[in-house]
Amino acid sequence: MNTKFKNNTSPLGFRSHKSYSPEDVWAAGGTTAFGSKNGQSNENMAEIFKEFPEVEPFTEEEWNNTLKSLKESK
């Protein structure tokens, strides 16, 4: 899988890029403006996510057990 995200993790597991607070994001003009200022856009992110495989969080058996449990607990 080829993503456009850079791997900025150091050998110790800490990211080497700056973290931003919610106040920083709002001061930039909101999430869209903040992303634009950092070189990201909704279209760019949508393209990146298209590269990831779809993941089903539950197996068929887990879904059936969950639904059965919900019906029985009503």
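Residues numbered from 1 in each chain as written. Predicted model: local features only at pLDDT ≥ 70, side-chain atom pairs only at ≥ 80, totals over all residues. Heavy atoms only, no water.

Caption draft 1: How the structure looks around the overall build of the protein chain. Helix and strand content of the protein chain: 4 helices and 0 strands. Mapped from its N terminus to its C terminus, the protein chain presents α and β elements in the order α-α-α-α. When the 74 residues of the protein chain are sorted by exposure, 8% land in the buried category. Summed over all atoms, the accessible surface of the protein chain reaches about 6800 Å², with 56% contributed by carbon and sulfur. (Helix = DSSP H or I, 4+ residues; strand = E, 2+ residues; numbered from the N terminus. Buried < 20%, exposed > 50% of the residue type's maximum accessible area, 1.4 Å probe, protein only. Areas by Shrake-Rupley, 256 points an atom, 1.4 Å probe, with all protein chains shown as cover.)

Caption draft 2: Structural view of the packing of aromatic side chains. Per the stated rule, a full pass over the model turns up 3 aromatic pairs. Centroid distance F49 to F52: 6.2 Å. Interplanar angle 45°. Geometry classified as tilted. (Phe/Tyr/Trp six-rings, centres within 6.5 Å; stacked < 30°, edge-to-face > 60°.)

Caption draft 3: Region of the structure containing the confidence of the model for the protein chain. Here the protein chain shows a mean pLDDT of 79. Residues at 70 or above account for 77%. Mean pLDDT across the elements of the protein chain bottoms out in helix α3 (residues 42-50) (81) and peaks in helix α4 (residues 60-72) (93). (pLDDT = per-residue confidence, 0-100.)

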